[in-house]
Amino acid sequence: MRMYDLIMKKRNGGVLTDLEIEEMITGYVKGDVADYQMSAMLMAIWFKGMTDHETTQLTLVMARSGDMIDLSAIEGKKVDKHSTGGVGDKTTLIVGPIVAACGGRVAKMSGRGLGHTGGTVDKLESIPGFRTVLDRKEFFDTVNKCGISLIGQSGNLAPADKKLYALRDVTATVDSIPLIASSIMSKKLAAGSDCILLDVKTGSGAFMKTLEDSLRLAQTMAAIGEGAGRRTVALITDMDTPLGNAIGNSLEVMESMDVLKGKGPADLTEVSLQLAANMLCLVGKGTPEECRRMAEKSIEDGSAFETFCAMVRAQGGDDSVLRDYSRFPRAPFHKDILAEQDGYIVKMNAEACGIASVILGAGRATKESGIDFSAGILMKKKYSDAVKKGDVLATLYTSKEDSLKEAERMYRDALTIGKDAPKDKPLVYARVEKDKVERY
Ligand code: URA
């Protein structure tokens, strides 16, 4: 194989063979293919796309580039979930314990924050003492005991994706359907669950900004999952507006616990219940209606919250902070952002809200920088809310007082205030299977 020939083939719109894809990816992981040639290939894929068969082959080769985890030591059907990334998206912390409390098994490896989007591992690490690195035995034992364990990705899970993702991040090739689909599904297939529920975000805070692109991405991933023998379903959910009212790590943990205690914000509660019900259906717990009711009941009777607390204790965390939020470390500085005019919030740019939170310290400025777990934003007014001059729109929290000014500017720019109330938007746009799209 000459990488030059493959780049030229793809650049001219050709279709790569299975062998060409396999040699290209294994060569790249070994270091035989240079970054500059892979960058050119990624850009050629960005422009010319891939057939479904090429995308599936790319996914399988990436999945097999590292460990393929065998979860058979965990009893029962295992169900995984993956979000394509969003702002204020803390649903794993809610959905995971709901599903476990209802008898599903959740052995999940999650990621850290990426760009303006948050990551589950960072949120979990804001719980004092919580360990996101467990050895295989501890991981399996925790799932067998609590029904759920949430950990970080093991070092050798889909290493091809790790290398390719870092390159895509700096070559403007992230937002390509075959590249996102293969990146996500290679990790899901390697992580070993029987079924997969995908939460494909759509809107200003998502990688896919339009519903049509989100649907295509969802169908591509569902087809890859089913082709590999895993039941795979996707929900297309809104990410034009941040989800819930909290952005930032410990703030999002507290809000997730509010949902598990039955007093969370309506949008976050509804999206979480729909995700959980679909996961329960995937593991055969009943009809959609029965699964929805089961999920609601696990909140009402406190079993989902207690399941989360049990997992936190099993992974070394202090669950007293989940019962008494005043025990979480507090940000030393905060600032209210006040409305400067009357009207309605007619647009919230979710990506800009996420960037404001990163500026406050809730995300990483560089790959190496640390996270301020207490930093973030509590939104008091959201899309379609009426505001009066002087109302608090949001409160910013940080340990870096000098970040408040820039974060405020970014947050204000994210909001558009108009005279008339805007139209309501759906929280969930569609449910997607390999050969079926149900639009809501
Ligand atoms: N999340 C991933 O894991 N990969 C992508 O390419 C985009 C979002």
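Rules of the game
- Residues numbered from 1 in each chain as written.
- Predicted model: local features only at pLDDT ≥ 70, side-chain atom pairs only at ≥ 80, totals over all residues.
- Heavy atoms only, no water.
- Helix = DSSP H or I, 4+ residues; strand = E, 2+ residues; numbered from the N terminus.
- Rg over C-alpha atoms; globule rule 2.2 N^0.38 Å.
- Buried < 20%, exposed > 50% of the residue type's maximum accessible area, 1.4 Å probe, protein only.
- Contact = heavy atoms within 4.5 Å.
- Areas by Shrake-Rupley, 256 points an atom, 1.4 Å probe, with all protein chains shown as cover.
- Near = heavy atom within 4 Å.
- Polar contact = N/O pair within 3.5 Å; in protein donor to acceptor, adjacent residues only side chain to side chain.
- Nonpolar A, V, L, I, M, F, W, Y, C, P; charged D, E, K, R; others polar.
- Core = buried A, V, L, I, M, F, W, Y, C linked by side-chain atoms within 4.5 Å.
- Domains from an automatic or database assignment.
- Pairing = 2+ DSSP bridges.
- Axes fitted to C-alpha atoms, helices over the stretch in contact; angles between N-to-C directions.
- Salt bridge = Lys/Arg side-chain N within 4 Å of Asp/Glu carboxyl O.
- Patch = residues over 30% accessible without salt bridge, like charges linked within 9 Å, V, L, I, M, F, W, Y side chains within 5 Å.

Trainee: Break down the overall build of the protein chain for me, with residues and values.
Mentor: Tallying secondary structure elements over the protein chain gives 17 helices and 14 strands in all. In terms of overall size, the protein chain behaves like a compact globule, its C-alpha atoms giving a radius of gyration of 21 Å where 440 residues would be expected to give roughly 22 Å. Dimensions of the protein chain, computed from the C-alpha atoms along their principal axes, are close to 65 × 45 × 40 Å. In the protein chain, which comprises 440 residues, the share counted as buried stands at 57%. Considering only contacts in the protein chain between residues 6 or more positions apart, those separated by 24 or more positions represent 77%. Here the protein chain displays about 17800 Å² of accessible surface, and carbon together with sulfur accounts for 51% of that area.

Trainee: Got a sec to walk through the environment of Phe-207? Specific residues and values, please.
Mentor: As for its placement among the helices and strands, Phe-207 is situated in the loop between strand 4 (195-202) and helix 10 (211-227). Take Phe-207: its relative accessible area is 25%, and that puts it in the partly exposed class. In this structure the C-alpha to C-alpha distance between Phe-207 and Met-239, which are 32 residues apart in sequence, comes to 9.5 Å. Beyond its immediate sequence surroundings of up to four residues, Phe-207 is in contact with Thr-84, Leu-114, Tyr-165, Val-174, Asp-175 and Ile-180.

Trainee: Please give an account of the site of the ligand that cites residues and values.
Mentor: The immediate surroundings of the ligand are formed by Thr-84, Tyr-165, Arg-168, Ile-180, Ser-183, Ile-184, Lys-187 and Phe-207. One of the side-chain N or O atoms of Arg-168 is found 2.9 Å from an oxygen atom in the ligand. One nitrogen or oxygen atom from the side chain of Ser-183 is found 2.7 Å from a nitrogen atom belonging to the ligand. Protein burial of the ligand: of its 240 Å² of free accessible surface, 93% is covered by the chains. Counting residues per element, the ones that place at least two in the shell around the ligand are helix 8 (159-169) and helix 9 (177-191). The element contributing the most residues to the shell around the ligand is helix 9, with four residues. For the shell around the ligand, the per-class residue count stands at four nonpolar, two polar and two charged.

Trainee: If you had to explain the nonpolar core to someone new, which residues and values would you point to?
Mentor: Residues Ile-98, Ile-127, Phe-308, Leu-322, Ile-377 and Tyr-411 are the most contacted members of the largest nonpolar core, which totals 82 residues. For this core, the domains that each give at least three residues are domain 2 (79-156 + 191-323 + 428-439) and domain 3 (329-418).

Trainee: Got a sec to walk through the sheet that holds strand 5 (residues 231-238)? Specific residues and values, please.
Mentor: Spatial ordering of the open sheet is given by 1-4-5-13-14, a layout of five strands whose pairing is mixed. Each of the sheet's edge strands pairs with one partner strand only, and the pair in question is strand 1 (79-83) and strand 14 (436-439). Between one strand axis and the next, the sheet turns by 15 degrees as a mean value, whatever way the strands run. Summarising the sheet, strand 13 (residues 428-433) and strand 14 pair through four bridges and their orientation is antiparallel. The residue bridging Ala-430 from the neighbouring strand is Arg-439, located in strand 14. Of the strands in this sheet, strand 4, strand 5, strand 13 and strand 14 touch helix 10, which is tilted by about 165 degrees from strand 5.

Trainee: Describe the pattern of salt bridges, with residues and values.
Mentor: Counted according to the given criterion, the structure contains 40 salt bridges. For Glu-226, the salt bridge goes to Arg-231, with nearest N and O atoms at 2.6 Å. Of the charged contacts in the structure, one is a salt bridge between Glu-408 and Lys-335, with a shortest N-O distance of 2.4 Å. One end of the pair, Glu-408, is in helix 17 (residues 404-414); the other, Lys-335, is in strand 7 (residues 333-338), and 73 residues separate them in sequence. Look at Glu-408 and you get buried, because its relative accessible area is 13%. Overall, Lys-335 belongs to the partly exposed group, its relative accessible area being 32%. Each of Glu-226, Arg-231, Arg-431, Glu-433 and Glu-438 takes part in one network of salt bridges that share partners.

Trainee: Requested: an account of the domain arrangement of the protein chain, with residues and values cited.
Mentor: Structurally, the protein chain comprises domain 1 (3-49), domain 2 (79-156 + 191-323 + 428-439) and domain 3 (329-418). Between domain 1 and domain 3, the C-alpha centre-to-centre distance is 41 Å.

Trainee: Just give me the short version of a nonpolar patch on the surface, but keep the residues and values in it.
Mentor: A cluster of nonpolar residues, Met-43, Trp-46 and Phe-47, forms a patch on the protein surface that exposes about 310 Å² of accessible area. Relative to the helices and strands, Trp-46 resides in helix 3 (residues 35-48).

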